[in-house]
Number of protein chains: 4
Amino acid sequence: MSAEPVRTDNGADDEPDETRLQRWEQRTEWPMIALSVLFFAGYAWIVLQPGMDRGTRSTLDVGMWLVWAAFAADYLIRLALSRRRGRFVLRNLFDLVTIVVPILRQLRVLRLVMVLVLINRRLQARVRGQVVAYVSGATVLVGVSAALAVLEVERDQPDAMITTFADALWWTMTTITTVGYGDYSPVSSEGKLIATGLMLAGIALLGVVTGSIASWFVEKFGGMEESEKESRQADAVRAEELRGEVADLKAEITALREQLVGSRTDDSRV
Amino acid sequence: MSAEPVRTDNGADDEPDETRLQRWEQRTEWPMIALSVLFFAGYAWIVLQPGMDRGTRSTLDVGMWLVWAAFAADYLIRLALSRRRGRFVLRNLFDLVTIVVPILRQLRVLRLVMVLVLINRRLQARVRGQVVAYVSGATVLVGVSAALAVLEVERDQPDAMITTFADALWWTMTTITTVGYGDYSPVSSEGKLIATGLMLAGIALLGVVTGSIASWFVEKFGGMEESEKESRQADAVRAEELRGEVADLKAEITALREQLVGSRTDDSRV
Amino acid sequence: MSAEPVRTDNGADDEPDETRLQRWEQRTEWPMIALSVLFFAGYAWIVLQPGMDRGTRSTLDVGMWLVWAAFAADYLIRLALSRRRGRFVLRNLFDLVTIVVPILRQLRVLRLVMVLVLINRRLQARVRGQVVAYVSGATVLVGVSAALAVLEVERDQPDAMITTFADALWWTMTTITTVGYGDYSPVSSEGKLIATGLMLAGIALLGVVTGSIASWFVEKFGGMEESEKESRQADAVRAEELRGEVADLKAEITALREQLVGSRTDDSRV
Amino acid sequence: MSAEPVRTDNGADDEPDETRLQRWEQRTEWPMIALSVLFFAGYAWIVLQPGMDRGTRSTLDVGMWLVWAAFAADYLIRLALSRRRGRFVLRNLFDLVTIVVPILRQLRVLRLVMVLVLINRRLQARVRGQVVAYVSGATVLVGVSAALAVLEVERDQPDAMITTFADALWWTMTTITTVGYGDYSPVSSEGKLIATGLMLAGIALLGVVTGSIASWFVEKFGGMEESEKESRQADAVRAEELRGEVADLKAEITALREQLVGSRTDDSRV
């Protein structure tokens, strides 16, 4: 907005110019999404084919760590490109979490948060339909991720109920819709942690479904009452009438002036 | 809308005239609904009387396939009547699904999607009450269909919990309201697939109930605040006053003109 | 609205005068509510003290039938007072149900629908707080009624889970909030019928809670956007300025007239 | 507001000056919050370390009663400072409950209501984000309190399912989201009472989540329809045009006056 000619490079000015950061983010957007999808596919493969040979497993593990490294590098580059680094860290806390969490060995299963980067990237919806489509996609992604993750941590538990991917998907459905039959439920702490996330996603899903329907209802039937609309139309009619009267007034003044000119001509002729 | 005199019959023009298609759809609307109801009744009969004699069962099966054939023929005729076929297929994907799914032997139970044609047909509600009535009807239809379908696929399972229609209805209620006691739940994959659909219907139902109540609340108590209403009334009063002043102005100018006329008369008399 | 002097007493005119009916309803409102409360108290007593002696039980039964008779009489009197009877029956279907249902011996437990008359009577809320208070009250009433009714029908079942009033209340809570642990659930058909009603009440309750919060949010933070408010204020400012200009105009015309008078005076002096 | 010079100290005037009360409440706000947090920490310590030695336990118990005494004293002082004591009691019923309940020995676990003072204190949100943050905080506080309380009352029950804090937290999650698997549920009356409160909190939570999303949707996509916005803009355009015409009128009248002056000058020159 400001047009000052010289700009020093330290991050201290009030409205820093973040075009370098934005250019980088635009250029890397699709590659990063592709990497997320690769990561998700690798994770799904590891979980769904537990008896895979050592070589394939090692390759996949290395591949996933490479994706993680790419994410970490992207984060550091963006941090370096940013002019106000404190604000960058605060505004991208979620990205930081997705980088730091996979390092923690205890929370191995939470590597999957990297998939959420897919969701976090692209929320710039302009139409209700877009938001609904976006949320549906995100819900499917979260659901499948949760099913994979819960299967990974549960199937080796001695008293596990969830031992196949079909079980895991069914459990995901009963949980995310808040039905909760209880015929399948996680028994390990890690499984319960995943379930907690899924329940919160379920509540958010319910909220979005309800909210979008409610806003559709309000738009279509409510909010602005019938009487209200009529009063608005009456306002418009009144304004139109007022304008007509002002136009009349103008015409009358013009006539008056012409009369006056005529009167002067008469006078001068006298 | 356009009134060009000659119109070629290929589907390449931008605003094709779909009156032929619309006429066909109007004329076949009620017959198709009647066929859907017949199909539903046949399906219900087959499920609710499992020990029926072979002859009746065969007759019903043939009848249901005839209904399916009528639906398929209707779809093909509509496709033929349409001028932009690609768009027709895209806009009627749901109809295509209801035609193709029953052919798949594995998904036998999903023949019931044909019933959903009943729901898909007629959503042109203009009042909130109509939407609520429509959704209530659709929910009952989906619920009864799900109960029938789950009963059909579950009752022959070795460890089935749902073995009577009463069980199936009760399970449907606990699922669609998202209560989910878990005293009854499906054990077969097909049953779980049906349950998934029912849970999604339950979430949508919750959304519509909540949304319609919320919009009623917003219309009655919220949205437009009290202060807002007052400011609107003040606007109206101001406009009224303005109009009064313009009227005064007009009267004054008229008086002015009369004075001027008088002045000229005086002048000319001089 | 119409002011015709003579009015025949048949129900055939278009806008019948229902003042007689309204007077009756106003006069009997509180007595009928008192009777409903008595009925509820009697029902609760019967259910909560199952081992009561025969005499008390008979007295209570007779008392409850008397209340029923009073309701039936009230309905018939209102029907007789109404000028358009067909419309009266249609508009008061709920009342008819509460009169007819208790006669059916099989649906003995549904006598309790008479309590719902309490709820049906008085919905003329003007403020959101009133609606919320009303719905809270209705929910408590429905919940306690359901707990009593389910206890009555379940406790004699061989495999019943709900055998004490505390169990019944707890089950009611888990059901109406749609939590549905399933540690207690009805096993008899009648119990499941009651549960179905309770689940629907739960969904409605959720809808009202959510709806009222949503409308409060919309009123407080949304609906009318900030930019919208500013544009309204700009409108007001513009209208005010317009008025100022019209006032200027008026002053100018007055000045003009005075000049003109002066000019005429000058002329006449010439 | 009123500026009368002398004011008697009895509480009988209509608009009493509650500045003394307000000053006290402002001054004690943070100390009281700190005490609430201390109370909560003490309670959590007692519950989470059941095998603590007698001395520590006694110290904690004494400390918690001291906090209670501070709350009671604060209440009495505020009552004394208030000018209209009846109204003060009515408006602070919740505070009274938090003072009285802990005295009842039977409802020992309900001492925890004192924690709710934390929530009750500070609801003056101005932005939707603040309300959401507040509700999230309150939900976490209620959830952790419920987990602690249910653990305290359940773990000594013979057939208890909830015996560790992890169990209690997991149960809290399944309850507050209304999922309700039923793998863990309270068996004691006190536990069920706590669960009831938690379910109600869950419904309120759902309501707030849904409500805030709905109001965001309404603000962003609905409420004010597109056609409505256009009609508003048309209004603004009309008003602008009207103003333009009034300005023209003014210019014309000025011209008229100058002509008139000119005409008079001409006349006088004649």
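Small disclaimer: the values here were computed from a predicted structure and weren't measured.

Asker: Give me the packing of helix α2 (residues 54-81) of chain C against helix α4 (residues 93-100) of chain C: which residues, what numbers.
Answerer: Residue and element names in this part refer to chain C. Packing of α2 against α4 leaves a shortest axis separation of 10 Å and a crossing angle of 145 degrees. The chirality of how α2 crosses α4 is left-handed. Contact with α2, carried on its side by Trp68, Phe71, Ala72, Tyr75 and Arg78, involves Asp95, Leu96, Thr98 and Ile99 of α4 and no other residues of that element. Across the contact of α2 with α4, the residue classes tally to six nonpolar, one polar and two charged.

Asker: Account for the interface of chain A and chain C, with residues named and values stated.
Answerer: In this assembly, five residues from chain A lie in contact with five residues from chain C. Of the roughly 340 Å² buried between chain A and chain C on both sides combined, carbon and sulfur atoms contribute 55%. In this structure, the connection of chain A to chain C is made through zero salt bridges. Between chain A and chain C we count zero residue pairs in polar contact (both at pLDDT 80 or more) in total. Here the residues of the side of chain A that touches chain C are counted per class, giving one nonpolar, three polar and one charged.

Asker: Break down helix α1 (residues 19-48) of chain C for me, citing the residues and quoting the values.
Answerer: End to end, α1(C) covers 43 Å across 30 residues, agreeing with the expected 44 Å (1.5 Å per residue, within 8%). Largest kink in α1(C): about 45 degrees, centred on C:Glu29, with the proline C:Pro31 one to four residues after it.

Asker: Please set out the environment of D:Ala80 residue by residue, giving values where relevant.
Answerer: All names here are of chain D. As for its placement among the helices and strands, Ala80 is situated in helix α2 (residues 54-81). The exposure class assigned to Ala80 is partly exposed, which follows from its relative accessible area of 43%. It is 35 Å that separates the C-alpha atoms of Ala80 and Leu198, two residues lying 118 residues apart in sequence. Ignoring anything within four residues of it in the chain, the contact list for Ala80 reads Arg20 and Arg85.

Asker: Mind laying out the UniProt feature "transmembrane region" (unreviewed entry) in chain A, listing which residues take part and the relevant values?
Answerer: Under the local residue numbering, the UniProt record ascribes the feature "transmembrane region" (unreviewed entry) to residues 30-50, 62-81, 131-153, 160-181 and 193-218 of chain A. Across residues 62-81 of chain A, the secondary structure splits into 100% helix and 0% strand, with the terminal C-alpha atoms separated by 28 Å.

Asker: Can you explain the pattern of salt bridges? Please cite residues and give values.
Answerer: Under the defined criterion, the tally for this structure stands at 14 salt bridges over all chains. One salt bridge connects A:Arg78 with A:Asp74, and the closest N-O pair in it is separated by 3.4 Å. Residue A:Arg78 and its partner A:Asp74 are both found in helix α2 (residues 54-81); the two are separated by four residues, about one turn of the helix. The exposure class of A:Arg78 is buried, given its relative accessible area of 5%. Between D:Glu25 and D:Arg78 there is a salt bridge whose closest N-O contact spans 3.0 Å. Highlighted residues: D:Glu25 in helix α1 (residues 19-48) and D:Arg78 in helix α2, separated in sequence by 53 residues. Linked through salt bridges whose partners overlap, the residues forming this network are A:Glu25, A:Asp74, A:Arg78 and A:Asp95.

Asker: Mind laying out a positive patch on the surface, listing which residues take part and the relevant values?
Answerer: All names here are of chain A. Among the surface-exposed residues, Arg20, Arg23, Arg27 and Arg85 lie close enough to one another that they form a single positively charged patch. Among the elements that line the positive patch, the one with the most residues is helix α1 (residues 19-48), at three residues. Residue position: Arg85 is located in helix α3 (residues 85-91). Its relative accessible area of 47% is what places Arg85 among the partly exposed residues.

Asker: Go over the nonpolar core, please, and point to the residues and values.
Answerer: Core analysis: the largest hydrophobic core is formed by 191 residues, its most contacted members being A:Trp171, B:Trp171, C:Trp171 and D:Trp171. Among residues more than four places away in sequence, those in contact with C:Trp171 are B:Tyr181, C:Ala146, C:Val150, C:Ile162, C:Tyr184, C:Ser185, C:Pro186, C:Ala195 and C:Leu198. With 15 residues, the next largest nonpolar core counts A:Val246, A:Leu249, A:Ile253 and D:Leu249 among its residues.

Asker: Give a description of the domain arrangement of chain A that names residues and reports values.
Answerer: All names here are of chain A. Parsing chain A into structural domains produces domain 1 (23-103) and domain 2 (115-225). One C-alpha centre belongs to domain 1, the other to domain 2; they are set 22 Å apart. Each partner contributes to the roughly 1,600 Å² buried at the junction of domain 1 and domain 2, and carbon and sulfur atoms together form 68% of this total. Looking only at domain 1, the three residues that lose the most surface to domain 2 are Phe40, Tyr43 and Val47, adding up to 33% of its buried area. Joining domain 1 to domain 2, the criterion identifies two residue pairs in polar contact (both at pLDDT 80 or more). If you list the elements that add at least two residues to the side of domain 1 that touches domain 2, you get α1, α2 and α4 (93-100). In terms of residue count, the dominant contributor to the side of domain 1 that touches domain 2 is α1 (14 residues). Its residues placed into classes, the side of domain 1 that touches domain 2 shows 14 nonpolar, three polar and four charged.

Asker: Which residues make up the relation of the copies chain A and chain C, and what are the values?
Answerer: With an RMSD of 0.1 Å, the operation that places chain A on chain C is a rotation of 180 degrees combined with a shift of 0.0 Å along the axis. When the rotation and shift are considered jointly, the pair of chain copies conforms to a two-fold rotation axis. A high fraction, 100%, of the interface residues of chain A reappear at the interface in chain C, so the copies pair face to face through one surface.

Asker: Tell me what's going on with the packing of aromatic side chains, and back it up with residues and numbers.
Answerer: All names here are of chain C. Scanning the model with the defined rule gives 12 aromatic pairs over all chains in all. Ring geometry for Tyr75 against Phe88: centres 5.7 Å apart, planes inclined by 50 degrees, an arrangement best described as tilted. Placement of the pair is Tyr75 in helix α2 and Phe88 in helix α3 (residues 85-91), with a sequence separation of 13 residues. Here Tyr75 falls in the buried class, since its relative accessible area comes to 6%.

The rules we used
- Residues numbered from 1 in each chain as written.
- Chains lettered and ligands numbered in written order.
- Predicted model: local features only at pLDDT ≥ 70, side-chain atom pairs only at ≥ 80, totals over all residues.
- Heavy atoms only, no water.
- Axes fitted to C-alpha atoms, helices over the stretch in contact; angles between N-to-C directions.
- Helix = DSSP H or I, 4+ residues; strand = E, 2+ residues; numbered from the N terminus.
- Left-handed = near helix turned anticlockwise from the far one by under 90°.
- Contact = heavy atoms within 4.5 Å.
- Nonpolar A, V, L, I, M, F, W, Y, C, P; charged D, E, K, R; others polar.
- Buried area = accessible area lost by both parts, 1.4 Å probe.
- Salt bridge = Lys/Arg side-chain N within 4 Å of Asp/Glu carboxyl O.
- Polar contact = N/O pair within 3.5 Å; in protein donor to acceptor, adjacent residues only side chain to side chain.
- Expected span 1.5 Å × (residues − 1).
- Bend = angle between axes of the 7 residues up to and from the residue.
- Buried < 20%, exposed > 50% of the residue type's maximum accessible area, 1.4 Å probe, protein only.
- UniProt positions renumbered as here; feature names shortened; annotations may be inferred.
- Patch = residues over 30% accessible without salt bridge, like charges linked within 9 Å, V, L, I, M, F, W, Y side chains within 5 Å.
- Areas by Shrake-Rupley, 256 points an atom, 1.4 Å probe, with all protein chains shown as cover.
- Lys, Arg positive; Asp, Glu negative; His and termini not counted.
- Charge placed at Lys NZ, Arg CZ, Asp CG, Glu CD.
- Core = buried A, V, L, I, M, F, W, Y, C linked by side-chain atoms within 4.5 Å.
- Domains from an automatic or database assignment.
- Least-squares fit on C-alpha atoms with pLDDT ≥ 70 in both.
- Phe/Tyr/Trp six-rings, centres within 6.5 Å; stacked < 30°, edge-to-face > 60°.

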